[in-house]
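One-letter residues, chain by chain:
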Amino acid sequence: MNTVELLRTLVAFDTTSHRSNLDLIRWIASYLGAHGIEARLVHSDDGAKANLLATIGPCVAGGIVLSGHTDVVPVDGQDWHSDPFTLTERDGRWHGRGAADMKGFIAACLAAVPAWRGLKLQRPIHLALSYDEEVGCFGVPRLIADMRTRVPTPALAIIGEPTQMRIGLAHRGFYGHRTVFHGRPAHSGDPALGISAIEPAALLIAQLGRLGRTLATRGERTTFNVGRVLGGTAINIVPGCCEVLWEFRPTDEAGTALVKREVERMLSALPPDVKVETAQLAGVPALTAHDDGLAVNVARALGALWPPGDIPFGTEAGFFQQAGIPSLVCGPGAIAQAHQPDEWIAASELDAADAFLRGVGTWAAGPETPA
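First things first, this report covers the structure right here in the doc. (Residues numbered from 1 in each chain as written. Predicted model: local features only at pLDDT ≥ 70, side-chain atom pairs only at ≥ 80, totals over all residues. Heavy atoms only, no water.)

### Remarks on the side chain of threonine 3
- Its place among the elements puts threonine 3 in helix H1 (residues 3–12).
- Note on threonine 3: relative accessible area 5%, which makes it buried.
- Sequence-distant contacts of threonine 3, defined by excluding residues within four places in its chain, comprise Gly104, Ala107, Ala108, Ala111, Leu350 and Asp354. (Helix = DSSP H or I, 4+ residues; strand = E, 2+ residues; numbered from the N terminus. Buried < 20%, exposed > 50% of the residue type's maximum accessible area, 1.4 Å probe, protein only. Contact = heavy atoms within 4.5 Å.)

### Considering helix H2 (residues 22–34)
- For H2, with 13 residues, the first-to-last C-alpha span of 18 Å sits near the 18 Å given by 1.5 Å per residue.
- Buried within H2 we find Leu22, Leu24, Ile25, Ile28, Tyr31 and Leu32.
- In this structure, the buried residues of H2 make contact with H1, strand S1 (39–43), strand S2 (50–56), helix H3 (99–117) and strand S6 (125–130).
- Once H2 finishes, glycine 36 follows within two positions and takes phi at roughly 75°, a positive value. (Expected span 1.5 Å × (residues − 1).)

### Some words on the pattern of salt bridges
- Applying the stated criterion across every chain, the model contains 13 salt bridges.
- The closest approach of N and O atoms between arginine 19 and aspartate 14, which form a salt bridge, is 2.9 Å.
- Classification of aspartate 14 as partly exposed rests on a relative accessible area of 25%.
- Among the salt bridges present, the one from glutamate 247 reaches arginine 249, with a minimum N-O distance of 3.3 Å.
- Residue classification places arginine 249 among the partly exposed residues on the basis of a relative accessible area of 28%. (Salt bridge = Lys/Arg side-chain N within 4 Å of Asp/Glu carboxyl O.)

### Description of empty space enclosed by the protein
- Inspection of every chain in the model, using the stated rule, returns 1 cavity of 30 Å³ or more.
- Size it by volume and the largest cavity reaches roughly 30 Å³.
- The leading source of residues in the lining of the largest cavity is H3, at 4 residues.
- Of the residues that constitute the lining of the largest cavity, the class distribution is 7 nonpolar, 2 polar and no charged. (1 Å grid on protein atoms, 1.4 Å probe; cavity = no way out; pocket = protein on both sides within 12 Å on 5 of 7 lines; lining within 4 Å. Points joined across faces, edges and corners; volume = space filled by probe spheres on them. Nonpolar A, V, L, I, M, F, W, Y, C, P; charged D, E, K, R; others polar.)

### Considerations on the side chain of glutamate 343
- Relative to the helices and strands, glutamate 343 resides in the loop between strand S16 (327–329) and strand S17 (344–346).
- Reaching out from glutamate 343, the side chain makes a polar contact with the side chain of arginine 97 at a distance of 2.7 Å.
- Polar contacts involving the side chain of glutamate 343 include one to the main-chain amide nitrogen of aspartate 101, which spans 3.0 Å.
- Beyond its immediate sequence surroundings of up to four residues, glutamate 343 is in contact with Trp80, Trp94, His95, Gly96, Arg97, Gly98, Ala99, Ala100, Asp101, Gln337 and Ala338. (Polar contact = N/O pair within 3.5 Å; in protein donor to acceptor, adjacent residues only side chain to side chain.)

### Structural notes on the packing of H1 against H2
- The contact between H1 and H2 brings their axes to 10 Å, and the two run at 150°. Between H1 and H2, the crossing angle belongs to the class labelled roughly antiparallel. The crossing of H1 and H2 is right-handed. Where H1 abuts H2, its residues Leu6, Thr9 and Leu10 lie against Leu24, Trp27, Ile28 and Tyr31.
- Its residues assigned to classes, the contact of H1 with H2 shows 6 nonpolar, 1 polar and no charged. (Axes fitted to C-alpha atoms, helices over the stretch in contact; angles between N-to-C directions. Parallel < 35°, antiparallel > 145°, perpendicular 65-115°, else oblique. Left-handed = near helix turned anticlockwise from the far one by under 90°.)

### Notes on the packing of aromatic side chains
- If you walk through the whole model with that rule in mind, you get 4 aromatic pairs.
- Aromatic side chains tryptophan 246 and phenylalanine 248 sit 6.3 Å apart centroid to centroid with 25° between the ring planes, which places their arrangement in the stacked category. Neither residue differs from the other here; tryptophan 246 and phenylalanine 248 are each classed as buried.
- Lying over the aromatic face of tryptophan 363, arginine 123 brings its terminal NZ or CZ to 4.4 Å of the ring centre. (Phe/Tyr/Trp six-rings, centres within 6.5 Å; stacked < 30°, edge-to-face > 60°. Lys NZ or Arg CZ within 6 Å of the ring centre and 35° of its normal.)

### Brief notes about the layout of surface pockets
- In this structure, the largest pocket encloses a volume near 390 Å³.
- Along its surface, the largest pocket is lined by 17 residues, and Glu133, Glu134, Phe313, Gly314 and His339 are the ones closest to its centre.
- Residue classes in the lining of the largest pocket are distributed as 8 nonpolar, 4 polar and 5 charged.
- Quantified by volume, the second largest pocket comes out at close to 200 Å³.
- Looking at the second largest pocket, the residues that line it are Glu38, Ala39, Arg40, Leu53, Ala54, Thr55, Cys59, Arg150 and Val151.
- Those elements that provide at least two residues to the lining of the second largest pocket are S1 and S2.
- The element that contributes the greatest number of residues to the lining of the second largest pocket is S2, accounting for 3 residues.

### Details of the sheet that holds strand S7 (residues 156–159)
- One open sheet accounts for 6 strands, arranged S1-S2-S6-S3-S7-S16; its pairing is mixed. Here the strands that pair on one side only, and so sit at the sheet edges, are S1 and S16. With strand direction ignored, the average angle separating the axes of adjacent strands in the sheet is 20°.
- In terms of strand pairing, S7 meets S16 through 3 bridges, oriented parallel. If you follow alanine 157 over to S16, its bridge partner there is serine 327.
- Together, S1, S2 and S6 form the strand contacts of H2, whose direction differs from that of S2 by roughly 15°. (Pairing = 2+ DSSP bridges.)

See the structure below:
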């Protein structure tokens, strides 16, 4: 099967994040099995979803990880001109949910498998496919933990998010939180009998905004957003509860640590009679790769575009980097088409991915790794 045929099959699986991805994962496992490759499934706690890990070539250190997520965003409320789960060609563009983000990359990897199998690989090629990236990167930590116990340390990882085959070296992280303030409700005719939960929530919101502006004046790119505030019951009742959903996007681990310290300080300074509970809903580490490292040298040698491009979105690359695997982002398609109605990937992008992955096979079969 060629890349388009495989993409057609992958798009037909509705792997919207609120659904199971098992049918798709099992199909890929069967496809790999038909080519003599064993695929390992790493399930979620409820068993409804799974990551997939497969190795082509020898089980030795120094291989390459090709990683992608299998889930897609919803199509609800979008005005599509064709069935989102039927790959449709129009004017050199292949339309379908996930075509760009990021089943196009996965299809190209699968299409390369027969050729890779025909080579005498000196280094392994690891396929690492995750679940629930779109809703918080919940699957990939489990995938990487399993990989570290079963796979000798790879030399690099390429996360095939849509960059139009241009190397991406850095992106901000994403940390989403829910903070709930518990006060004491009372009739507003005598507010002293109650404890407002909204007032300390407003104080936190103001302080987050102030911290964001302070960092901006220092030239730092860490940003903050308060996405939802929900509190109180009526205008004449002192609010007993208030929930704040907020997030920050740091440029590196130092920025992450700084924000967490500052927020802890803010919360500790609130009135002691207000109970505060904060939970992290999602945590995606930033990516900060070196422009002269092994991962870049290999990717450039394989035909990835240079100079590096901006990545205005989060990826799973930071997780691989935290695990000690030099990582970068590079894949077919444009992020501008991701999550949109009539999502599409250009046929030329799939061709470029095919060429790049042929190069991966040549590199894995070669005697030396570029320095």
